[in-house]
Amino acid sequence: MATETPPPSKPHNRLPSSEEFAEVQQSPEFADLRHSHRSFAFPLTVGFIAWYLLYVLLSNYAGDFMGTKVVGNVNVALVLGLAQFLTTFLIAWWYAHHAATKLDPKAEAIKSRTEGGA
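Scope of this entry: the structure provided in the associated data block. (Residues numbered from 1 in each chain as written. Predicted model: local features only at pLDDT ≥ 70, side-chain atom pairs only at ≥ 80, totals over all residues. Heavy atoms only, no water.)

Turning our eyes to something else, we now look at the overall build of the chain. Assigned secondary structure in the chain consists of four helices and two strands. Tracing the chain from N to C terminus, the helices and strands come up as α-α-α-β-β-α. The C-alpha atoms of the chain give 24 Å as radius of gyration, which overshoots the globular expectation for 118 residues (13 Å, by more than 25%). Seen through its C-alpha atoms, the chain measures out along the principal axes to roughly 65 × 55 × 20 Å. Within the chain, the proportion of its 118 residues that are buried is 18%. In the chain, the share of contacts with a sequence separation of at least 24, taken over all contacts with a separation of at least 6, comes to 62%. For the chain, the accessible surface area stands at approximately 9,200 Å², while carbon and sulfur atoms represent 66% of it. When the 9 positive and 10 negative side-chain charges of the chain are each reduced to one mean point, those points stand 6 Å apart. (Helix = DSSP H or I, 4+ residues; strand = E, 2+ residues; numbered from the N terminus. Rg over C-alpha atoms; globule rule 2.2 N^0.38 Å. Buried < 20%, exposed > 50% of the residue type's maximum accessible area, 1.4 Å probe, protein only. Contact = heavy atoms within 4.5 Å. Areas by Shrake-Rupley, 256 points an atom, 1.4 Å probe, with all protein chains shown as cover. Lys, Arg positive; Asp, Glu negative; His and termini not counted. Charge placed at Lys NZ, Arg CZ, Asp CG, Glu CD.)

This is how it looks when you write it as structure tokens:
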């Protein structure tokens, strides 16, 4: 007869109180983490939105330019449209890399200190 064994218990970290959360939010380490995130994400977001709007505006108002053949039946509009997808994937990869190398270590240090691990 097989017996069910319970899964191994995970060590429970102490959850911080509301006051401790507020204290962490005011700490220089958290401000540095927030600055690292914002200084990366906001300019990239603005840049991508501008790039997207440029594509939309060119599509609406520069039909002759967008219809220019590049190779065979491939025109500028198709190339720029595919470049939108490429840009999206590159930004996602770049952000994941930035988060893993810059943001996650800072966030983990704050988390471990807040939960009593440090």
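Following the structure, the description resumes.
Under the definition given, this model contains two salt bridges. We note a salt bridge from arginine 113 to glutamate 29, for which the minimum N-O separation is 3.6 Å. You can see arginine 113 sitting in helix H4 (residues 76-114) and its partner glutamate 29 sitting in helix H2 (residues 28-61), a full 84 residues away along the chain. Here lysine 106 makes a salt bridge to aspartate 32, at a shortest N to O gap of 3.1 Å. Of this pair, lysine 106 sits in helix H4 while aspartate 32 is found in helix H2, placing the two residues 74 residues apart along the sequence. (Salt bridge = Lys/Arg side-chain N within 4 Å of Asp/Glu carboxyl O.)

Here histidine 98 is to be found in helix H4. Owing to a relative accessible area of 12%, histidine 98 belongs among the buried residues under this scheme. If we ignore the near neighbours within four places in the chain, the residues touching histidine 98 are Ser36, Phe40 and Leu103.

Turning to the side chain of glutamine 84, a few remarks are in order. Here glutamine 84 lies in helix H4. If sequence neighbours within four positions are ignored, glutamine 84 has contacts with Phe48, Trp51, Tyr52 and Tyr55.

Below, the discussion takes up the packing of H2 against H4. In contact at an axis separation of 10 Å, H2 and H4 are set at 175° when each is read in the N-to-C sense. One way to sum up the angle between H2 and H4 is to call them roughly antiparallel. (Axes fitted to C-alpha atoms, helices over the stretch in contact; angles between N-to-C directions. Parallel < 35°, antiparallel > 145°, perpendicular 65-115°, else oblique.)

Summed over all chains, the structure comprises two aromatic pairs. Joined through ring pairs, the aromatic side chains of Phe40, Trp94 and Tyr95 make up one cluster. (Phe/Tyr/Trp six-rings, centres within 6.5 Å; stacked < 30°, edge-to-face > 60°.)

We now examine a nonpolar patch on the surface. On the surface, Val70, Val71, Val74, Leu78, Val79, Leu82, Phe85 and Phe89 cluster together into a nonpolar patch covering about 770 Å² of accessible area. Contributing elements (two or more residues each) for the nonpolar patch: strand S1 (69-71) and H4. Along the chain, valine 70 turns up in strand S1. (Patch = residues over 30% accessible without salt bridge, like charges linked within 9 Å, V, L, I, M, F, W, Y side chains within 5 Å.)

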